[in-house]
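An overview of the molecular structure
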Amino acid sequence: MSDPSSSPPAGQKPALKSAQSRFQVDPVAEAAAAAAAASGAPGTPPRARSSSAGRTSEGTAGGEEAKGRFRVVNFLDPSGAPADGGSDAAFNGDTVRSEASLHSSTGGLSHFSDTHSSTYYLRTFGHNTIDAVPNIDFYRQTQAPLGEKLIRPSLSELHDELDKEPFDDGIANGEEPAAAEEAAAKVVPESKGGTVKFGWIKGVLVRCMLNIWGVMLFIRMSWIVGQAGIALSCAIILMAVLVTTITGLSTSAIATNGFVRGGGAYYLISRSLGPEFGGSIGLIFAFANAVAVAMYVVGFAETVVELLDSVDALMTDEINDIRIVGTLTIILLLGISVAGMEWEAKAQIVLLVILLAAIFNYFIGSFIPMESKEPKGFFGYNAAILMENMGPDFRDEETFFSVFAIFFPAATGILAGANISGDLSDPQSAIPKGTLLAILITGIVYVAVAVSNGSCILRDATGDDNDTIIGSLENCTDAACTLGYDFSICKEGGCKYGLQNDFQVMSLVSAFGPLITAGIFSATLSSALASLVSAPKVFQALCKDNIYPGLRIFAKGYGKNNEPLRGYVLTFFIGLAFILIAELNVIAPIISNFFLASYALINFSVFHASLANSPGWRPSFKYYNKWVSLAGAVLCCVVMFVINWWAALLTNVIVLALYIYVSYKKPDVNWGSSTQALMYNQALSHCLHLTGVEDHIKNFRPQCLVMIGYPNARPALLHLVHAFTKNVGLMICGHVRMGSRRPNHKEMMSDQVRYQRWLLKKQIKAFYTPVFAEDLRQGAQYLLQAAGLGRLKPNTLVFGFKNNWQDGEMRDVETYINTIHDAFDLQHGVVIIRLKEGLDISHIQGQDEFLSSYEKAPGMKELLVAINIGKDTDSDSLKPSSKTTSGQSSPLIIRDTKSPSVQLSTADEKLLAASQQFKKKQCKGTIDVWWLFDDGGLTLLIPYLLTNKKKWKDCKIRVFIGGKINRIDHDRRAMAALLSKFRIDFSDINVLGDINIKPKKHNKENFEEMIEPYRLKEEDMEQEAAERLKAEEPWRITDNELELYKAKTNRQIRLNELLKEHSSTANLIVMSMPLARKGTVSSALYMCWLETLSKDLPPILLVRGNHQSVLTFYS
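Residues numbered from 1 in each chain as written. Predicted model: local features only at pLDDT ≥ 70, side-chain atom pairs only at ≥ 80, totals over all residues. Heavy atoms only, no water.

Brief notes about helix α36 (residues 1046–1062)
Let me state the cut-off plainly: The way it works is that DSSP assigns letters per residue, a run of H or I at least four long becomes a helix, a run of E at least two long becomes a strand, and they are numbered from the N terminus. Each helix should span, by expectation, one fewer than its residue count multiplied by 1.5 Å. Burial classes follow relative accessibility: with a 1.4 Å probe on protein chains only, a residue under 20% of its type's maximum area counts as buried, one over 50% as exposed, and anything between as partly exposed. Contact criterion: two residues are considered in contact whenever any of their non-hydrogen atoms come within 4.5 Å of each other.
The end-to-end C-alpha distance of α36 is 24 Å, a good match for the 24 Å that 17 residues give at a rise of 1.5 Å each. Considered for burial, the residues of α36 that qualify are Thr 1049, Asn 1050, Gln 1052, Ile 1053, Arg 1054, Leu 1055, Asn 1056, Glu 1057, Leu 1058 and Leu 1059. The secondary structure elements touched by the buried residues of α36 are β12 (925–930), α33 (1001–1011), β15 (1068–1072), α37 (1083–1094) and β16 (1100–1104).

Right under this line is the structure:
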């Protein structure tokens, strides 16, 4: 240990780079001068630098992310020694004290002894320790737009022993990770001409108000009041406002639940409900905005053409004039948009001023009644008119809902601000404030206009000055009569004025008529401009996420604001196409429904996220309720069908089709959606409920713990077990990792993630669970006792047969057999699978490439493939070599998908072919079930489950049972009756009356030759020596044991003869596994029984249940 108060030798400069603290942080100043000062300029006093750090931290806490960045200065060599020997570093617990580490924060002055100054305390905590203090930059995503991401010290770096080599993260001594070096070198530039960001007024409030106030306000509001009356018109407005308010509250909740990037409605929905909903709604929402541009431009063009027509100045005819004016308008709008968001925002402000002037112009005019306007139905505010217009007067087959359908599109546009979320300086604050205030202001204006229209304008007027009443007004029944006019002729139709007949009546009322026309222009152009900006922004965000791979080219942005120029061009052409059609009566309701579908999903997102109860769902906006959001979602769906039922159906079909497409493609994204959270909640809830229910025989499922090693090391074992557990029971791929070196838990955890993905990719419904253990038996014990959850626990242990057991150490056989005994002790069933060729293909380099090169999709450049494991030195077929390095026991990334150049031996070729036999469809044949001993029915259940699968459906079950020669027919009938009660189909039942016949002599001799090396031969040695040898090598076979189990030995030999005779052509043999009494039968003898019974046969499963019934014939 070096003395903390020591100073560097004279004339030696402290080494800044080589020995700085592993995760020392330095405040980064915004200006170049401040940055130079902070880097340790000799002239800068320490106190000044500390106060600068304080200011930076304060800025971060204040919410301005860009002003509170920290950067990694350097990494300490794990050995603790400086690279160039120029500095003295000392470890004290978790604290690193080095002159160099303090140098950067003290301007090159050493303050080791200065423990009482305020500067010492300012920099001590979090600056002279590897452990990092809380910092916003640790929580950024990799591509953080407002600052760079820092990486906090890992648990391994703080917890592992100092002399550990290499580090757990694979960094050797003296090496530094490249990513950290980049982070250290990288400083986020703050150019003066940076990106344009908008506040809540300019970015959200103005946009939303302009989008909500459309042409409806000026040319349809009066007609709605005429049809529905003041009361129902207010009800229609309030219903629309209710839907938009609930959606606004939901939008606010999602927008304040974390940092919001560009993409508006798409971003909010996709990050809440996942890519399936987000991808489908994002595409139709972007398309709806693009077509909405055409709608608004055509609205503008129609007004212009009407003006031209009124002065007889048409260029050609009406329809072509609309096309010409519309095309010129959209080109102008595209120019404004492409010029940049700043110009577009300025244009919106100008349009808002004109729109507000037009609204005020109307209200001012409503208070100035003029006699010349009275024949056209405008009399100023009058109680008689108010009362007459209070109730509805539906005409031309209009109803409340049809009028509501016409008005509702006027209330849309509440997402105009959210759609440019990427261009807002603080979207979390701006979206709630701007959206909700815009809904409130526009709602009040709509209600005020409705009441004003109904209070001062008659429903019908002739416009003729001569329709006045001369004489008594006592018998009047309508408001016109009381005001001295007789408009009764209008009941027959043909009148051109009044609320019901004149769409331009607000121009009549206003103080200055042309200003209303300017307001109509402003409303249409502002809405068109907002949509023209929204569509490309949403589409760009969608393309960046690569949910639809073919659309990736539209993700590219240009300029300092990352403008989606390609998206603008696409939107322009879509808009232009619909402008040229010039007939939008059919497409308009579909667009409204597209918007409503987005609103419905935003509301549903909030309900779903609240229901999932995820700890990550904690919006800072608290004024929402999950049930209100659900009601809002239902309301949106109802309104969709009210507006237009066929358009609603079409919208739902399109959303569903896109949802299915994205679900099928399964984009490789993980956004922590509420769907995942709810899935977890449901899984946990169901697991807990399941534990409260007792197991029942009818619900028994084989839940298999498969001792497979790496999942792609034994494909035949994996595919066969998966065949009878898929969609039926649990399958856990257990992997016991052994080795003399220190366990690398980090590597094991990364392998667990990697191989679980591999299983998912191969569509194997299984879990991969690795454990570290001294040997196979200990690892199996861990897994048998701890694997699973509640009722989802293994009840059957599945092994591969140890083919090469005679070539290895007998201690491994002892471990193998004891593992079987442990499974029985824990009341598990046991299944042993044997293939003549063997199971383990892990020693074949590039084996996965050999097996799956024909399956790979063209264009795939990387695929998780082969496991390169050295030849197993101890011949244990159930585990990879313990001597392989971590690099050898991990999957390789093969980038070249051409055929492998490695030449395989004949044995390896046969092994590879055999390893794939259960993956393909089985040809016609039989599954021979040798149900010799009743183990509860597992021996019969497994083949039944196999024949239920598509790949095995052509295989018939043949049952073989033991019996006496004089009772063969009786035994066959009894078994047939039992199988029919179990409702298990079979093709044949064979009763073996010759099981107990002595086996052939040469087979007995082969058996004796096999066991010879493993016999104890106690008669040829002293008793004490024999006992000592038996204690040292418990697997040895004693003479007494051989004699005691002579009959059982002969039975195994005889059964092998019968198997070869009857089942040599079977697709699969499933046979009752012989049991060996623990402590009495040596492991060598038991292994010899299993070897003798199963050698030289087709694929065979030796099965022994736990002797609890797994089949029942009771309902």
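Once the structure has been displayed, the description carries forward.
Quick word on the environment of Ala 528
Structurally, Ala 528 is set in helix α19 (residues 513–544). As a C-alpha pair, Ala 528 and Asn 289 span 239 residues in sequence and 8.8 Å in three-dimensional space.

Details of the nonpolar core
The condition that has to hold: Here, nonpolar core refers to any group of buried Ala, Val, Leu, Ile, Met, Phe, Trp, Tyr and Cys residues whose side-chain atoms link them within 4.5 Å.
Core analysis: the largest hydrophobic core is formed by 140 residues, its most contacted members being Trp 213, Phe 218, Met 221, Phe 407 and Tyr 446. The element best represented in this core is helix α11 (residues 275–310), accounting for 16 residues. Excluding its chain neighbours within four sequence positions, the residues that come into contact with Tyr 446 are Ile 212, Trp 213, Gly 214, Leu 217, Met 221, Ile 237, Phe 407 and Ala 410. Counting 60 residues, the second-largest nonpolar core is a separate cluster that includes Met 707, Ala 787, Val 813 and Ala 1076.

Focus on the environment of Ser 531
Examined against the element boundaries, Ser 531 turns out to sit in helix α19. Along the sequence, Ser 531 and Asn 211 sit 320 residues apart, while their C-alpha atoms lie 8.5 Å from each other. Setting aside residues no more than four positions away along its own chain, Ser 531 makes contact with Asn 289, Ala 292, Val 293, Tyr 296 and Pro 536.

Points about the pattern of salt bridges
In plain terms, the rule: For this document, the term salt bridge refers to a Lys or Arg side-chain nitrogen within 4 Å of an Asp or Glu carboxyl oxygen.
Scanning all chains against the criterion turns up 21 salt bridges. Between Asp 460 and Arg 395 there is a salt bridge whose closest N-O contact spans 2.6 Å. Here Asp 460 is found in the loop between α16 (427–456) and α17 (479–482), whereas its partner Arg 395 is found in the loop between α14 (383–388) and α15 (400–407), with 65 residues between them in sequence. The class of Arg 395 is partly exposed, set by a relative accessible area of 24%. Taking the shortest distance from any N to any O, the salt bridge between Arg 777 and Asp 822 comes out at 2.7 Å.

Re the pairing of strand β6 (residues 731–737)
Operational definition: Between any two strands, at least two bridges found by DSSP are needed for them to pair. For a crossover, the right-handed case is the one in which the path from the first strand over the helix to the second runs clockwise, viewed with the strands pointing away from the viewer.
Across the 7 residues of β6, 7 count as buried, placing the element largely inside the fold. Of the two faces of β6, the one lined by Met 731, Cys 733, His 735 and Arg 737 and the one lined by Ile 732, Gly 734 and Val 736 are each fully buried. With 4 bridges connecting them, strand β5 (residues 704–707) and β6 associate as parallel partners. Residue Val 706 lies in a different strand from β6, and its bridge partner there is Cys 733. One crossover worth recording links β5 to the parallel β6 by way of helix α25 (residues 715–725), and it is right-handed. Where β6 meets strand β7 (residues 767–772), 6 bridges bridge the pair, whose relative direction is parallel. Considered in β7, the bridge of Cys 733 is made with Tyr 768.

What to know about the pairing of β16
Burial runs high along β16: 5 of the 5 residues are buried. Residues Ile 1100, Leu 1102 and Arg 1104 line one face of β16 and the alternating positions Leu 1101 and Val 1103 line the opposite face, and both faces are buried. Where strand β9 (residues 829–834) lies against β16, 5 bridges are found, and the strand directions are antiparallel. Across the sheet, residue Val 830 finds its bridge partner in β16, namely Arg 1104. As paired strands, β15 and β16 are joined by 4 bridges and run parallel to one another.

Considerations on a nonpolar patch on the surface
The criterion, for reference: The residues that make up patches have over 30% relative accessible area and no salt bridge, and they are joined within 9 Å when like-charged or within 5 Å when they are Val, Leu, Ile, Met, Phe, Trp or Tyr. Each accessible area is a Shrake-Rupley result for a 1.4 Å probe, and residues are judged covered by the shown protein chains and nothing else.
On the surface, a nonpolar cluster with roughly 630 Å² of combined accessible area is contributed by Phe 360, Ile 364, Phe 367, Ile 368, Met 370 and Tyr 381. Structurally, the position occupied by Ile 364 is in helix α13 (residues 341–366).

A short note on the confidence of the model for the chain
Short version of the rule: The predictor rates its confidence in each residue with pLDDT, a number between 0 and 100.
Averaged over all residues, the pLDDT of the chain equals 77, while 78% of them reach at least 70. Predicted confidence is poor over residues 1–124, with pLDDT under 50, and the contacts of this stretch with residues over four places away or in other chains come to 203 contacts. Note that residues 852–900 has pLDDT below 50 and, in this model, 117 contacts with residues that lie over four places away or in other chains.

Notes on the state of the cysteines
The cut-off we apply is this: A pair of sulfur atoms, both from cysteines and within 2.5 Å, is called a disulfide here.
The final tally for this structure, using the stated rule, is 0 disulfides. With no disulfide partner, Cys 637 has as its closest neighbouring cysteine sulfur the one in Cys 636, 6.8 Å distant. Using a relative accessible area of 37% as the deciding quantity, one classes Cys 637 as partly exposed.

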